[in-house]
Amino acid sequence: MKDFVYIGRPARVLFGPGTLRQLASELDRLGVRKALVLSTPEQRASAEQVAGMLGERAAGVFDRAVMHVPIETAREARAHAVRLGADCAVAVGGGSTVGLGKAIALDSGLPIVAVPTTYAGSEMTTIYGITEAGLKKTGRDDRVLPRTVIYDPELTLGLPVGMSITSGMNAIAHAAEGLYSTTSNPIIDLMAEEGIRALGVALPRLRAQPRDLEVRGNALYGAWLCGTVLASVEMALHHKLCHTLGGSFNLPHAETHTVVLPHALAYNAKAAPEAMHRIARALEAKSAPQAVYDLARDNGAPVALRDIGMRAEDLDRACDIALQNQYPNPRPLERAALRQLLQDAYEGKRPSE
Ligand SMILES: NC(=O)C1=CN([C@@H]2O[C@H](COP(=O)(O)OP(=O)(O)OC[C@H]3O[C@@H](n4cnc5c(N)ncnc54)[C@H](OP(=O)(O)O)[C@@H]3O)[C@@H](O)[C@H]2O)C=CC1
Ligand SMILES: O=C(O)/C=C\C(=O)CC(=O)O
């Protein structure tokens, strides 16, 4: 076994159908009086429902969360929280809404309670992202880690199937890269493999029965594990490529993860055989890159960058950007091979092994 460093972060997780009803007692535990409830404009009804459950303890609803947390929105939300006398924020939604909560916490230290409704995993991490003048800055800070996470599968029943599959693939990507991370460790590896296994089983079932609470619960369980992996070890080439494609070419987050992952795994396969073995074992398959590709394709998710808004003429530039400020990766980044990876992902080719 190699030497390693393991860091355990505080995590208080309430898990199960109906756990949202414990929100008020969680606020008591945190010693806070009034919560600002955050959501996207489209999920305002859920936020209103949560505010309704809190009664007088709801300071109000701020429904302007959007992807990648524009700094203007974060400032507006912080000002809103101050104006309403909120001493806590409750983020009800996916990574975009949790991200807005984190931006508030980063500046103000306000405690966050996260109620995730996708599988992105942000609720388990100290990673924040804020976009200013078109550039997304990310960092890690303990202040942004939600104090309590409520995984209530009832709230995910309405997550559209397509988004559920791609969001689940986003989670699998955290765990897959965690397994070959330069900072991996045996405890996090266990979570990574189990997270991939849980989602590998849940996603096809979820496609068939999107309103099955047990299946939704299994998917959230996998997402929790995969989010913990993202929080605990450094990510590699795959995340770098997705951040390039999302940040510079405005491709949709979860779909981009879905398309790129098989190709990033194929790129790293020979350099990380043990990780590939564990990913393949978790998905009950022989080849990790092919298994991940098949999981996406067979469940109706996009498999080609050209189908999610990428232009062929931008592939060279994407390759150049991905080569800058590289994330540590098991296989060194070679321009020609990386350009081929992007071409394969653009065309949606199934990896050859
Ligand atoms: N800091 C971190 O550790 C991490 C950060 N992220 C960040 O999070 C963002 C991506 O998160 P992701 O969750 O994919 O994206 P969003 O939060 O934008 O949610 C994705 C989609 O899911 C829909 N949705 C969410 N909840 C429901 C629901 N209950 N019912 C119906 N639809 C729902 C949203 O619809 P609508 O828009 O209509 O609300 C949206 O279209 C990115 O900005 C990414 O960088 C991702 C992972 C980790
Ligand atoms: O970009 C961020 O906000 C931080 C991390 C992630 O988005 C992780 C991911 O790519 O899913």
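Quantities reported herein were computed from a predicted structural model and do not represent experimental measurements.

**Student:** Give me the lowdown on the site of ligand 1, citing residues and values where you can.
**Tutor:** Around ligand 1, 23 residues are found, and the nearest of them are Thr40, Ser96, Thr117, Thr118 and Thr125. Within the backbone of Ile127, one N or O atom sits 2.9 Å away from a nitrogen atom of ligand 1. Lys136 is positioned with one of its side-chain polar atoms (N or O) 2.8 Å from an oxygen atom of ligand 1. Starting from 920 Å² of accessible surface for ligand 1 in isolation, the protein chains cover 82%. The element that contributes the greatest number of residues to the shell around ligand 1 is helix 4 (residues 95-108), accounting for three residues. Classifying every residue of the shell around ligand 1 gives eight nonpolar, twelve polar and three charged. Counting residues domain by domain, the shell around ligand 1 receives three or more from each of domain 1 (12-156) and domain 2 (161-347).

**Student:** Quick one: what's the story with the site of ligand 2, residue by residue and with numbers?
**Tutor:** Taken together, Ile127, Lys136, Thr138, Asn170, His174, His239, His243, His253 and His257 make up all the residues around ligand 2. Between Lys136 and ligand 2, the recorded distance is 3.0 Å, taken from a side-chain N or O atom to an oxygen atom. Between ligand 2 and the protein, one listed contact pairs an oxygen atom with a side-chain N or O atom of Asn170 at 3.1 Å. Here ligand 2 loses 84% of its free accessible area of 310 Å² to cover by the protein chains. Contributing elements (two or more residues each) for the shell around ligand 2: strand 7 (135-140), helix 5 (161-179), helix 8 (237-249) and helix 9 (253-268). The class makeup of the residues in the shell around ligand 2 is one nonpolar, seven polar and one charged. Shared between two domains, the shell around ligand 2 holds at least three residues of each, these being domain 1 (12-156) and domain 2 (161-347).

The rules behind these values
- Residues numbered from 1 in each chain as written.
- Chains lettered and ligands numbered in written order.
- Predicted model: local features only at pLDDT ≥ 70, side-chain atom pairs only at ≥ 80, totals over all residues.
- Heavy atoms only, no water.
- Near = heavy atom within 4 Å.
- Polar contact = N/O pair within 3.5 Å; in protein donor to acceptor, adjacent residues only side chain to side chain.
- Areas by Shrake-Rupley, 256 points an atom, 1.4 Å probe, with all protein chains shown as cover.
- Helix = DSSP H or I, 4+ residues; strand = E, 2+ residues; numbered from the N terminus.
- Nonpolar A, V, L, I, M, F, W, Y, C, P; charged D, E, K, R; others polar.
- Domains from an automatic or database assignment.

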